[in-house]
Amino acid sequence: MGIGHVGWGFLVHPGESGRVSLVGDGNIWEIGAVENHRGWIITPPLEDGYWRERTAQPLNTVASRAYDHYKVVPVNEPNVERAVQAERLVSERPYMAAVSNCMNDVFSILTAYGVHSLPNPHNLANWLPNAWYDHIVATEYDIADAAGLGG
């Protein structure tokens with residue numbers, strides 16, 4: 001229906017060289033989403049399709065879940081602990097189409113992580129996940145292209 005869907009990802013642990021890289025080097029990423037497979041306007045926690053994973057290969061996981069593009073936003077002072085706390089809150093609250101949907105969840109988690117340049121999801125121009133994603137000022141990559149993660 002053109003509404004779209006978004007998920008989150010952030011670097012939890014930089015690799016040995018300190019260089020962000022998808023391929024080897026010990027980088028660990030946290031990825032996840034609330035997918036609301038039922039499509040209900042309000043879906044209780046544990047039924048809303050919430051998932052998260054820590055992995056050295058984030059693009060493989062998201063590609064297997066039919067995500068097709070991603071953007072990379074630099075973060076000067078990442079706060080993994082705050083982002084994980086935000087994930088916990090997202091996992092415990094119900095999905096509500098107008099106020100706590102996939103886009104709102106990504107916004108709250110990545111803002112807690114330290115991303116300060118995301119569009120406001122409450123702005124009418126950004127109200128749908130596809131529009132919100134399109135307004136993120138960052139380079140977009142095909143999910144098969146690891147270049148955005150240094151691969």
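For the structure given in this document, a descriptive report is provided here. Positions within a chain are numbered from 1, following the residues in the order the chain's sequence is written. Per-residue local features of the predicted model are confined to residues with pLDDT of at least 70, and side-chain atom pairs are confined, for both listing and counting, to 80 or more; whole-chain, interface and lining totals are unaffected and use all residues. Neither water nor hydrogens contribute to the side-chain values; these are computed over all heavy atoms in the structure.

**Some thoughts on the sheet that holds strand E1 (residues 8-13)**
Test applied: The pairing criterion is simple: DSSP has to find at least two bridges between the two strands. Secondary structure counts use DSSP, requiring at least four H or I residues in a row for a helix and at least two E residues in a row for a strand, with both numbered from the N terminus. Structural elements are reduced to axes, namely lines fitted to C-alpha atoms, with helices fitted over the stretch in contact, and the angle between N-to-C directions of any two is expressed from 0 to 180 degrees. Contacts: residue pairs with any heavy atoms within 4.5 Å of one another.
Spatially, 3 strands are ordered E1-E2-E4 in an open sheet, and the strand pairing comes out antiparallel. Looking along the sheet, the strands with just one partner apiece sit at the ends: E1 and strand E4 (50-55). Here the average twist between neighbouring strands, direction ignored, is 20 degrees. Taken strand by strand, helix H2 (residues 80-92) contacts E1, strand E2 (28-34) and E4, and its axis lies near 140 degrees from that of E1. Sheet strands touched by helix H3 (residues 102-113): E1 and E2. Its angle to E1, the strand with the most contacts, is close to 25 degrees.

**Remarks on the packing of aromatic side chains**
So the rule is basically this: Under the pairing criterion, centres of Phe, Tyr and Trp rings, with the six-membered ring standing for Trp, must be within 6.5 Å; the plane angle then separates stacked pairs below 30 degrees from edge-to-face pairs above 60, leaving the rest tilted. Relative accessible area decides the class of each residue, using a 1.4 Å probe on protein chains only: under 20% of the type maximum gives buried, over 50% gives exposed, and in between gives partly exposed. Criterion for a charge above a ring: Lys NZ or Arg CZ within 6 Å of the ring centre, and within 35 degrees of the ring normal.
As enumerated under the stated definition, the model contains 3 aromatic pairs in all. Between Tyr 70 and Tyr 141 the ring centres are 5.3 Å apart and the planes differ by 25 degrees, which places this aromatic pair in the stacked class. Highlighted residues: Tyr 70 in strand E5 (residues 69-71) and Tyr 141 in strand E7 (residues 140-142), separated in sequence by 71 residues. Residue class for Tyr 70 comes out buried when judged on its relative accessible area of 10%. Judged by relative accessible area, which is 19%, Tyr 141 ranks as buried. The ring of Trp 51 is capped by Arg 65, whose NZ or CZ atom sits 3.9 Å from the centre of that ring. One residue, Lys 71, lies across the ring of Tyr 133, its end atom 4.6 Å from the ring centre.

None of this, on its own, says anything about what the molecule does.
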